[in-house]
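Inside the fold
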Amino acid sequence: QVHLVESGGGLVQAGDSLRLSCAASGRTFGNYAMGWFRQTPGKERGFVAAIDWSGGSTNYADSVKGRFSISRGNAKNTVYLQMNSLKPADTAVYYCAADSKYGLGNQRDWYAYWGQGTQVTVSS
């Protein structure tokens, strides 16, 4: 059974940094693309960042380019989202996603597996 667990969320001030982690189990995730999405109440879950199976290719939403960085752990079954220069607009529940398809997905329905989410709150 596939299981994704996010951690690292919290309450920070504008300009601060946070690093989210997503630990994957139940499969060999070394060949899986992984991504981060975020959602606020009443809105669709939106794309934040993605990384391919090798860690060599990444993709970011325009709103986070230059501030957020996605990476994979050495064991490939962990993915990180380093978030710098946080803004109140970054406040959301952040979700980790994974899929065995080749490439980088930036649409919610591209991913088959999802975590339960971690709350990030940025105060002004």
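Residues numbered from 1 in each chain as written. Predicted model: local features only at pLDDT ≥ 70, side-chain atom pairs only at ≥ 80, totals over all residues. Heavy atoms only, no water.

A word on the state of the cysteines
As enumerated under the stated definition, the model contains one disulfide in all. Cys 22 shares a disulfide with Cys 96; S-S distance 2.0 Å. Taking the sign of the S-S torsion, -80° for the link of Cys 22 and Cys 96, the bridge is left-handed. With Cys 22 in strand S3 (residues 18-25) and Cys 96 in strand S9 (residues 92-99), the pair connects residues that are 74 residues apart, well separated along the chain. Across the pair, Cys 96 and Cys 22 agree in class, each one buried. (Disulfide = S-S within 2.5 Å. Helix = DSSP H or I, 4+ residues; strand = E, 2+ residues; numbered from the N terminus. Buried < 20%, exposed > 50% of the residue type's maximum accessible area, 1.4 Å probe, protein only.)

Section: the pattern of salt bridges
Taken as a whole and judged by the stated rule, the model has four salt bridges. The partner of Asp 90 in a salt bridge is Arg 67, and the shortest N-O contact between them spans 2.8 Å. Taken as a pair, Asp 90 in the loop between strand S8 (78-83) and S9 and Arg 67 in the loop between strand S6 (58-60) and strand S7 (68-72) lie far apart in primary sequence, 23 residues in all. For Asp 90, a relative accessible area of 1% corresponds to the buried category. Arg 67 gets classed as buried once you look at its relative accessible area, which sits at 11%. Residue Lys 101 pairs with Asp 99 through a salt bridge whose shortest N-O separation is 3.1 Å. Since its relative accessible area comes to 5%, Asp 99 is described here as buried. (Salt bridge = Lys/Arg side-chain N within 4 Å of Asp/Glu carboxyl O.)

Focus on the pairing of strand S5 (residues 46-51)
Buried residues dominate S5, accounting for five of its six residues. As paired elements, strand S4 (residues 33-39) and S5 share five bridges and run antiparallel to each other. The residue of S5 that forms the bridge with Trp 36 is Ala 49. Where S5 meets S6, three bridges bridge the pair, whose relative direction is antiparallel. Bridged to Ile 51 within S6 is Thr 58. (Pairing = 2+ DSSP bridges.)

Quick look at the sheet that holds S3
Pairing is antiparallel in the open sheet, where four strands are placed in the order S1-S3-S8-S7. With partners counted over all chains shown, the strands left at the sheet margins are strand S1 (3-7) and S7, one partner each. Across the sheet, the mean angle separating the axes of adjacent strands is 15° when strand polarity is ignored. As judged from the five bridges shared by S7 and S8, these two strands associate in the antiparallel manner. Its bridge partner lying in S8, Ser 69 is registered against Gln 82. (Axes fitted to C-alpha atoms, helices over the stretch in contact; angles between N-to-C directions.)

Notes on unusual backbone geometry
With phi around 50°, Ser 85 is a residue other than glycine that occupies positive phi space. With respect to the helices, strands and loops of the structure, Ser 85 is situated in the loop between S8 and S9. When its relative accessible area of 43% is taken as the criterion, Ser 85 is described as partly exposed.

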